[in-house]
Amino acid sequence: MSADRLVAAYLSDLVMAAEPLPEERRTDLIVDVTAHIAEARAAGATSDDDIRQMLRQLGDPRDIVAAATDGLVLVERPSAQPRLRGRDIATLILLPVGVYIFLAGWVAGVVLLWTSDRWTTREKLLGTLVTPFGFASAQVFATVDFGDTLPRVVGIPLAILLLLAPVFTFIVLIKNGRPGRSAE
């Protein structure tokens, strides 16, 4: 590897290691190390062996970053939540609405849900079972007269609960839908 490539690889490692630092501190550190390397090269470190030795003396980029924190608390930067893909949007639409499209829409929604990597098995079960049975059960409670078997005091709140369960399920699926969660 040429001297220029050795320096470029070293600086690349330093930039990656310094990512958690505040921007101003990160820039200063990279400028300082780059200037030190330039001075060493100007002072005669030109061969590959000289450059390797100089980089070894500088130390591991992670150690340089650790020393540069000077008591700073490094904060993990939250990564932006990935946007929903078209198939995820179709899943979220077909689960609650697909029940009314000859059940074929709901089946398609379930297939999309179970083949997605965005939701855990628990969330997939929730989406599979609560959505259709919640709406269907609420509809049954709203239309069938149970007479003396189920008093209205119990039937109406139960119907409301069954209507709201799919809504809460939908909120959970939207809130927790991130790629790579199916293994959790």
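Data block above holds the structure.
An account of the accompanying structure is given in this report. All of these numbers come straight from a predicted model, not from anything done at the bench.

## Digging into the pattern of salt bridges
And step 1. Inspection of the entire model under this criterion finds four salt bridges.
And step 2. R62 serves as the salt-bridge partner of D60, at 3.3 Å between the closest nitrogen and oxygen.
And step 3. Here D60 falls in the partly exposed class, since its relative accessible area comes to 29%.

## A word on the nonpolar core
And step 1. Grouped together as the largest cluster of nonpolar side chains are 21 residues, with contacts concentrated most on L14, L29, V33, I37, I51, L55 and V65.
And step 2. If we skip the residues at most four places from it in the chain, V65 touches L14, A17, A18, L21 and L29.
And step 3. By size, the runner-up hydrophobic cluster in this structure holds seven residues, among which are L95, W106, L113 and W119.

## Some points on a nonpolar patch on the surface
And step 1. On the surface, I156, I160, L164, V167, F168 and I171 cluster together to form a nonpolar patch covering roughly 540 Å² of accessible area.
And step 2. Positionally, L164 belongs in helix 8 (residues 152-176).

## Let's talk about the packing of helix 2 (residues 23-42) against helix 4 (residues 61-68)
And step 1. Running from N to C, helix 2 and helix 4 point in directions that differ by 130°, and their axes come no closer than 11 Å. Between helix 2 and helix 4, the interaxial angle falls into the category oblique. In terms of crossing hand, the pair formed by helix 2 and helix 4 is right-handed. Here helix 2 contributes R25, L29 and V33 to the contact with helix 4, which in turn contributes I64, V65 and A68.
And step 2. Partitioning the contact of helix 2 with helix 4 into residue classes produces five nonpolar, no polar and one charged.

## Remarks on the environment of P22
And step 1. Following the sequence through the fold, P22 ends up in the loop between helix 1 (3-17) and helix 2.
And step 2. Relative accessible area serves as the criterion here: at 40%, P22 is assigned to the partly exposed category.
And step 3. For the pair P22 and T69, spaced 47 residues apart in sequence, the C-alpha to C-alpha distance is 9.4 Å.

## Section: helix 6 (residues 104-115)
And step 1. For helix 6, spanning 12 residues, the distance from its first C-alpha to its last is 17 Å, which sits close to the expected 16 Å at 1.5 Å a residue.
And step 2. Taken together, the buried positions of helix 6 are G105, W106, G109, V110, L112 and L113. Viewed end-on, helix 6 has its buried residues packed into an arc of 165°, placing them on one side of the element.

## Points about the packing of helix 1 against helix 3 (residues 48-58)
And step 1. Taken N-terminus to C-terminus, the directions of helix 1 and helix 3 make an angle of 20°; their axes are 9 Å apart at the nearest point. Of the possible angle classes, the one that applies to helix 1 and helix 3 is roughly parallel. The two elements helix 1 and helix 3 cross, and the hand of that crossing is right-handed. Between helix 1 and helix 3, the residues in contact are A3, L6, V7 and Y10 and D48, I51, R52, L55 and L58, respectively.
And step 2. Residue composition of the contact of helix 1 with helix 3, by class: seven nonpolar, no polar and two charged.

Reading the values: rules and limits
- Residues numbered from 1 in each chain as written.
- Predicted model: local features only at pLDDT ≥ 70, side-chain atom pairs only at ≥ 80, totals over all residues.
- Heavy atoms only, no water.
- Salt bridge = Lys/Arg side-chain N within 4 Å of Asp/Glu carboxyl O.
- Buried < 20%, exposed > 50% of the residue type's maximum accessible area, 1.4 Å probe, protein only.
- Core = buried A, V, L, I, M, F, W, Y, C linked by side-chain atoms within 4.5 Å.
- Contact = heavy atoms within 4.5 Å.
- Patch = residues over 30% accessible without salt bridge, like charges linked within 9 Å, V, L, I, M, F, W, Y side chains within 5 Å.
- Areas by Shrake-Rupley, 256 points an atom, 1.4 Å probe, with all protein chains shown as cover.
- Helix = DSSP H or I, 4+ residues; strand = E, 2+ residues; numbered from the N terminus.
- Axes fitted to C-alpha atoms, helices over the stretch in contact; angles between N-to-C directions.
- Parallel < 35°, antiparallel > 145°, perpendicular 65-115°, else oblique.
- Left-handed = near helix turned anticlockwise from the far one by under 90°.
- Nonpolar A, V, L, I, M, F, W, Y, C, P; charged D, E, K, R; others polar.
- Expected span 1.5 Å × (residues − 1).
- Arc of directions from axis to C-beta.

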